[in-house]
Amino acid sequence: MTNHLFDALFAARLADDRPFLHLPGGNTLSYRQFLDRSAQLARVLVDAGVAPGDRVAVQVAKSPEALALYVATVRAGAVFLPLNTAYMPAEVGYFVGDAKPKLVVCDSAAAADLEPIAADAGARLMTLDANSSGTLSQAADGKSSEFDAVARNGDDLGAILYTSGTTGRSKGAMLSHDNLLSNALTLVESWRFSEDDVLLHALPIFHTHGLFVATNVIAATSGSMIFLPGFKADAVIEALPRATTMMGVPTFYTRLLADPRFTRELVAHIRLFVSGSAPLLADTHVEFEARTGHRILERYGMTETNMNTSNPYDGERRAGTVGFALPGVSVRVTDPDSGNELPAGEIGVLEIKGPNVFKGYWQMPEKTAAEFREDGYFISGDLGLIDAEGYISIVGRGKDLIISGGYNIYPKEVELAIDEVAGVVESAVIGVPHPDFGEGVVAVVVRDGDVDEDTIMQQLAGAMARFKQPKKIIFVDELPRNTMGKVQKNILRETYQEQLTQAA
Ligand code: MCA
Ligand code: AMP
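In this report, the structure presented in the accompanying data block is examined. Keep in mind it's a predicted model, so treat the numbers as computed, not measured.

Cut-offs and rules
- All residue numbers refer to positions counted from 1 along the written sequence of the respective chain.
- Here the convention is simple: chains get letters from A, ligands get numbers from 1, in the order in which they are written.
- Note on the predicted model: pLDDT of at least 70 is required for a residue's local features to be given, and 80 or more for side-chain atom pairs to be given and counted; whole-chain, interface and lining totals, by contrast, use all residues.
- Working from all heavy atoms in the structure, the side-chain values ignore hydrogens and water.
- Only DSSP runs of H or I reaching four residues or more are called helices, and only runs of E reaching two or more are called strands; each is numbered from the N terminus.
- Only protein chains enter the accessibility calculation, which uses a 1.4 Å probe; a residue whose area is less than 20% of its type maximum is buried, one above 50% is exposed, and one in between is partly exposed.
- Pairs of residues are marked as contacts when any of their non-hydrogen atoms sit within 4.5 Å.
- To be near a molecule or strand, a residue needs just one of its heavy atoms within 4 Å of it.
- N or O atoms within 3.5 Å of each other form a polar contact, as long as, within protein, one can give a hydrogen and the other can take it, and as long as residues adjacent in sequence are counted only when both atoms are side-chain atoms.
- Note that accessible areas follow from Shrake-Rupley with a 1.4 Å probe, and for residues the cover is restricted to the protein chains shown.
- Side-chain rings of Phe, Tyr and Trp, where Trp is taken by its six-membered ring, are said to pair if the distance between their centres is within 6.5 Å; with planes under 30 degrees apart they count as stacked, over 60 as edge-to-face, and otherwise as tilted.
- Two conditions define a charge sitting above a ring: the NZ of Lys or the CZ of Arg must be within 6 Å of the ring centre, and it must be within 35 degrees of the ring normal.
- By definition, two strands form a pair when at least two bridges between them are found by DSSP.
- The angle between two axes is taken between their N-to-C directions and runs from 0 to 180 degrees, where each axis is a line fitted to C-alpha atoms and a helix contributes only its stretch in contact.
- Salt bridges are identified by distance alone: a Lys or Arg side-chain nitrogen within 4 Å of an Asp or Glu carboxyl oxygen.

## Some words on the side chain of N216
Phase 1 of the analysis: Turning to its location among the elements, N216 is positioned in helix α8 (residues 208-221).
Phase 2 of the analysis: Using a relative accessible area of 0% as the deciding quantity, one classes N216 as buried.
Phase 3 of the analysis: Discounting residues that sit within four places of it in the chain, N216 has contacts with L9, Y70, L180, A184 and L211.

## Some details on the site of ligand 1
Phase 1 of the analysis: In the region of ligand 1, 25 residues are neighbours, and R255, S277, R299, S404 and K471 sit closest.
Phase 2 of the analysis: Between ligand 1 and R255, the relevant distance is 2.7 Å, taken from an oxygen atom to a side-chain nitrogen or oxygen of the residue.
Phase 3 of the analysis: In the model, a nitrogen atom of ligand 1 is placed 2.8 Å from a nitrogen or oxygen of the S404 main chain.
Phase 4 of the analysis: In isolation ligand 1 offers 1000 Å² of accessible surface; the protein chains occlude 75% of this area.
Phase 5 of the analysis: Counting residues per element, the ones that place at least two in the shell around ligand 1 are α8, α10 (250-257) and β13 (297-302).

## Some remarks on the packing of aromatic side chains
Phase 1 of the analysis: Evaluation of the coordinates by the stated rule reveals 23 aromatic pairs.
Phase 2 of the analysis: With a centroid separation of 6.2 Å and an interplanar angle of 35°, the aromatic rings of F10 and F34 are classed as tilted. Taken together, the positions of F10 in the loop between α1 (4-9) and β1 (19-22) and F34 in helix α2 (residues 31-47) put the pair 24 residues apart, joining distant regions of the chain. Here F10 matches F34 in class, with each residue buried.
Phase 3 of the analysis: Summarising the aromatic geometry, the rings of Y70 and F80 are spaced 5.5 Å apart at their centres and angled 50° between planes, so their arrangement reads as tilted. One end of the pair, Y70, is in helix α3 (residues 64-75); the other, F80, is in strand β4 (residues 79-82), and 10 residues separate them in sequence. Here Y70 and F80 have matching classes, each one buried.
Phase 4 of the analysis: Sitting above the plane of the F227 ring, K62 keeps its charged end 4.8 Å from the centroid.
Phase 5 of the analysis: Over the aromatic face of Y313 sits the side chain of R317, whose NZ or CZ is 5.4 Å from the ring centroid.

## Quick notes on the sheet that holds strand β17 (residues 348-353)
Phase 1 of the analysis: Spatially, the four strands line up as an open sheet ordered β16-β17-β18-β19, and their pairing is antiparallel. In this open sheet, the two edge strands, each paired with only one partner strand, are β16 (330-334) and β19 (392-397). Put simply, the sheet's adjacent strands are angled 50° from each other on average, direction ignored.
Phase 2 of the analysis: Note that strand β18 (residues 378-386) and β19 share five bridges and pair antiparallel. Along β19, the bridge assignment pairs I386 with I392.

## Quick look at the pattern of salt bridges
Phase 1 of the analysis: Under the counting rule described, the total for this entry stands at 30 salt bridges.
Phase 2 of the analysis: The salt bridge involving R192 is made with D314; its shortest N-O contact spans 2.7 Å. Remark: D314 occurs in the loop between β14 (306-310) and β15 (324-325) and R192 occurs in the loop between α7 (177-190) and β9 (198-201); sequence separation between them is 122 residues.
Phase 3 of the analysis: Looking at R192, the relative accessible area reads 42%, which means it is partly exposed.
Phase 4 of the analysis: What makes D314 exposed here is its relative accessible area of 58%.
Phase 5 of the analysis: For E316, the salt bridge identified is with R318, shortest N-O distance 3.2 Å.

Structure representation (structure tokens):
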């Protein structure tokens, strides 16, 4: 029996006493200990009725146990469905209702809110807290640490990750075992990972970046990770001297640069800093090199495609570009209207093809069909160009999307919620430069009464995750529109571009 992803990443490490996770406080979990726990958790899943192909929806704090649950789900042949811990119950309700998981795992503090949501979807609910206590852990204690991985082939699903939709409805990107494995192995080669690597892991584990890029690459090489609960500059600076590599979103790097303790000496023995999920300003790249002597390696990915491009490990890492298509991945630039391929240097939509590209959106065949060309290329919605030397640059987005601190926010979702507030006529949500998060959310609102910022913010508070909520609301008499009646967001972005530049 083979399990495509688990066998390649972990099967050879079942009795491996080398470290996998270095934890705050000095504890270490070996591969053997981690995999023993994932076997126990896999047994709990099977006992709870989770069958091959069933979804396991998970909204829990980052912890070794949470990571073991990812591996346990894959091992049990099921589909891991991680959810941002910032999501409110109403948001989780949509995902659970759509994906119909067999099991929902959440923090015990959220259990009362999520119990009815799980019940409506026919799912069982178990809890897992940040300190690894909860009903899931209790059920796992005492279970056998041996578990025969359930057979899964490369095309079977290993995970569904939801990405927000431009019309407000999120879409579940179906990722197969081979989507995940092929990309991990490509990155190991491209970025020269080896068993000697110690990766500083401060990313969340509910997104591709922290879950698959970081974890799968390390597991594929028998390396280890300094596993921090999140990004806090003090903890990262304390840990950096023990790491050989770090992966982060641009906000990690700008926060480090803002700290005088972040010096050339501190990172003298690091071999690689990787950045992605949002554009890294060329200025940050230059300042980082001046401070540390390291050139950050910027790469480009998407939830639907894993990683697509990367600056070279050995060649020139060019600031403001995302490098070349990864081996085995094809990237082309097309005219957004005709779909015709454009020559080098011309700006169009980036399209991607390769073993990394997902299997489609969960139960949305029409949306899936609309985002693929007939010859199999996925239409990313990112605008970019490929220069004469093959370097790819992202110059904008065809999709109305804000990326704030590496989190995606679809303006439509926020606009719909604001428009529901009594006294609001209409709204336009835009992303403007933010010194910490790269982009920050601003809402431009037309009102017909005396509704104020506080009232709007209070109504949004229960409805959506904090990171999606506007950092500022601006009231105007009317929104600028073109002759077709479409709101001209480019004019709004220009007018209000300095609204958040003083934000901390
Ligand atoms: C926190 N807040 C945010 C964000 N994070 N607001 C906007 N954007 C954000 N990203 C809010 C908090 O709710 C809080 O609100 C206030 O900002 C300050 O929070 P703070 O404590 O400073 O935030 P933090 O805990 O330090 O988090 C910032 C962070 C985090 C470390 C940058 O957002 C993060 O880890 N981002 C990484 C996301 C990521 O991994 N993205 C990859 C997905 P208040 O104080 O008002 O309550 S993309 C992907 O996977 C693709 C495939 C790819 O290419 O990689
Ligand atoms: P997500 O849907 O969260 O996976 O976000 C994917 C999007 O993040 C892409 O479509 C890009 O718009 C953006 N992105 C990822 N990496 C980069 C990068 N290095 N530079 C610019 N944008 C990026």
